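Single-letter residue listing:
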Amino acid sequence: MTPEQTRQAFSAAYDGELTDEERRAFDATLAADAELSREYTAFCAALSQASAALQEPLDAPDLLPGVQQRLRARSRGRFYADKFAERAGTGPVGPLAVVLMLLAVVAVLSLFVALTGCSTSGRAQASQPDAGTGGGAAPAPAPDDRDADGVCDGTELLIGSDPDTADSDADGLPDFVEAASGFDPSDPDVPGLDQLASLRAQPNAILDFELRATADGMGQGHTGLFEAYETLDPEGLTARDYFVSGSAVSAEPPDNVRDVQPGAERFGAVTGRTRLTFRLRFEYHRDAAPGCVLGYPFRYSLKTDDGQRVASRDFLLLVLPDGASPEYCLPLTCV
Amino acid sequence: MVADDEQQLVARLRRRDEAAFNQLVRLHQNAVYSLLVRMLGDRMEAEDVAQDVFVTVFKAIDSFRGDSKLSTWIHRIASNHARNRLKYQGRRGRRAQRPLEDATQEASAAPETGSRLSRPDHAVEALEAEGHVQAALAHLDDEQRELVVLRDLQHLSYEEIQGLTGLPSGTVKSRLHRARLALQEKFRQLSQGTK
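It should be emphasised that the depicted structure is a prediction, and the values quoted were computed from it without experimental measurement.

Enquirer: Would you mind showing me how to read helix α7 (residues 142–153) of chain B here?
Expert: It helps to recall that an α-helix has 3.6 residues per turn; residues three or four apart then point in one direction. Residues and elements named next belong to chain B. For α7, which comprises 12 residues, the first-to-last C-alpha distance of 15 Å matches the rise-based estimate of 16 Å (1.5 Å per residue) to within 8%. Most of α7 is tucked away: 10 of the 12 residues are buried. Among the residues of α7, the N-terminal cap falls to Asp141, whose side-chain oxygen and the backbone nitrogen of Glu143 are separated by 3.1 Å. Looking one or two residues beyond α7, the residue adopting positive phi is His155, at roughly 60°.

Take a look at the structure:
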């Protein structure tokens with residue numbers, strides 16, 4: 001073996017993948033060349049350390065909630081239909097989650113709709129396009145909305161959803177709700193269940209919604225920031241109108257932060273990969289309840305002390321009227 | 001997990017026992033996630049792909065024949081998912097911007113000491129080495145990173161790597177060697193603070 005051939009064989013020799021004959025030639029070359037031998041020793045040492053470092057397992061975020069959500073969506077509810085309690089975090093109220101998924105459809109739609117359309121009947125007409133009776137309030141979808149989901153056929157083609165299916169990705173949220181909230185109506189994985197916050201439409205009802213963000217801290221403080229998106233609510237309401245306060249709750253591992261400042265939504269001096277938990281409080285402070293589910297998208301971001309936004313995620317606040325099976329509010333005419 | 005336990009778990013999985021599947025995810029999520037972070041170089045991508053890996057495991061458990069350990073089978077699925085994701089990214093053009101995490105890791109990996117390979121084991125040093133290796137991995141191209149991970153993390157034989165990647169045996173040898181040299185060089189630079 002020439003020295004260069006020997007160098008090329010370093011990896012295979014290290015892995016024990018040389019044939020007996022190759023190994024003998026390899027060893028003989030090293031024995032005759034001290035410099036090459038030192039090179040091989042250094043190569044092995046470096047590789048050993050790199051391999052050892054690679055073996056260090058990383059702490060995964062809790063994958064189970066996301067996996068369950070995907071299985072539930074892709075099996076159309078056959079699996080994990082009632083396992084929302086397994087979710088990580090304490091997002092929307094657990095038992096309400098199933099209802100939420102049903103209600104969420106109606107909710108955002110109603111934002112779009114004039115409340116006059118659905119508030120009295122509480123009915124969206126995703127399945128009953130001509131159901132405009134009872135209080136005369138049910139909105140009638142436009143003629144070019146074949147699936148009566150509030151999104152016009154032309155719009156559905158543009159955004160990639162199915163004009164013949166009110167819930168194109170079968171995730172429980174109608175296309176209108178997702179599109180109006182900034183989520184992809186063709187992706188069953190968004191919004192995830194942990195992105196849905198549900199608030200009962202009862203006077204003084206409170207929702208404490210916990211969310212988590214991961215920071216790769218370099219010693220700076222990290223502060224949470226709540227922002228409400230504009231909506232099509234006829235009264236001009238946004239998630240901000242229900243938002244009471246945000247607070248910093250805990251860090252994991254706790255020693256990665258210098259202090260927790262609940263009221264300021266801030267974690268001081270975050271160092272290393274740290275999972276930060278915030279709690280957002282929403283309150284329903286109105287007297288009247290809507291007849292169908294309303295949805296209000298909002299964003300929560302993580303900012304460092306120098307004002308840099310290092311993470312953000314969108315959520316959907318669902319305001320749920322009482323009733324056995326309230327539906328999502330739909331627009332009076334498709335959009 | 002002993003073989004009997006694994007067989008029982010697989011039997012429950014085949015019955016689509018959700019509790020068993022929860023157990024499986026929690027048992028393997030760190031290993032799968034670690035593998036994917038190494039291969040993809042991006043924690044968010046890794047989290048997303050890891051969830052799909054377990055969905056595939058759930059759906060495909062009937063095809064697990066038991067001629068390897070369950071963990072090996074799951075890792076193989078994870079590798080395939082990672083390869084597909086890399087191909088997909090390749091078709092769409094890789095991210096113009098490096099993910100924040102990489103930047104953070106590289107920054108944190110900037111050496112403050114000149115320590116290298118031969119000092120005694122120490123927790124801090126181990127963490128430092130871990131950061132350096134991950135940062136060095138991020139500088140390899142996708143194929144090189146994959147070969148290093150398959151061999152040095154998953155400990156697949158050359159023959160298995162050949163089967164998985166479709167590369168001829170000699171090509172696996174030579175490319176793995178080049179990948180390791182590149183890794184070693186980058187690792188050395190990071191350790192010496194000369195990025």
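Enquirer: For this particular structure, what's the right way to read the interface of chain A and chain B?
Expert: Much of the literature gives interface size as the accessible area that the parts lose upon coming together. Counting from both sides, the interface comprises 43 residues of chain A and, opposite them, 47 residues of chain B. Carbon and sulfur atoms make up 57% of the area that chain A and chain B hide from each other, which totals about 4,300 Å². Considering only the surface of chain A that becomes buried against chain B, A:Leu54, A:Leu58 and A:Leu63 emerge as the three largest contributors, covering 18% of it. In this structure, A:Asp15 engages B:Arg180 in a salt bridge whose closest nitrogen and oxygen atoms are separated by 2.8 Å. Summed over the shared surface of chain A and chain B, the number is 15 residue pairs in polar contact (both at pLDDT 80 or more).

Enquirer: Please explain the packing of α7(B) against helix α8 (residues 158–165) of chain B as it appears in this structure.
Expert: A pair of packed helices is captured by two measures, namely the crossing angle of their axes and the spacing between those axes. All names here are of chain B. One can describe the packing of α7 onto α8 by two numbers: an axis separation of 10 Å at closest approach and a directional angle of 140°. Relative to α8, the element α7 is oriented oblique. Crossing hand, α7 versus α8: right-handed. Across the interface between the two elements, Glu146, Leu147, Leu150 and Arg151 from α7 touch Tyr158, Ile161, Leu164 and Thr165 from α8. Considering only residue class, the contact of α7 with α8 consists of five nonpolar, one polar and two charged.

Conventions adopted
Residues numbered from 1 in each chain as written. Chains lettered and ligands numbered in written order. Predicted model: local features only at pLDDT ≥ 70, side-chain atom pairs only at ≥ 80, totals over all residues. Heavy atoms only, no water. Helix = DSSP H or I, 4+ residues; strand = E, 2+ residues; numbered from the N terminus. Expected span 1.5 Å × (residues − 1). Buried < 20%, exposed > 50% of the residue type's maximum accessible area, 1.4 Å probe, protein only. Polar contact = N/O pair within 3.5 Å; in protein donor to acceptor, adjacent residues only side chain to side chain. Contact = heavy atoms within 4.5 Å. Buried area = accessible area lost by both parts, 1.4 Å probe. Salt bridge = Lys/Arg side-chain N within 4 Å of Asp/Glu carboxyl O. Axes fitted to C-alpha atoms, helices over the stretch in contact; angles between N-to-C directions. Parallel < 35°, antiparallel > 145°, perpendicular 65-115°, else oblique. Left-handed = near helix turned anticlockwise from the far one by under 90°. Nonpolar A, V, L, I, M, F, W, Y, C, P; charged D, E, K, R; others polar.

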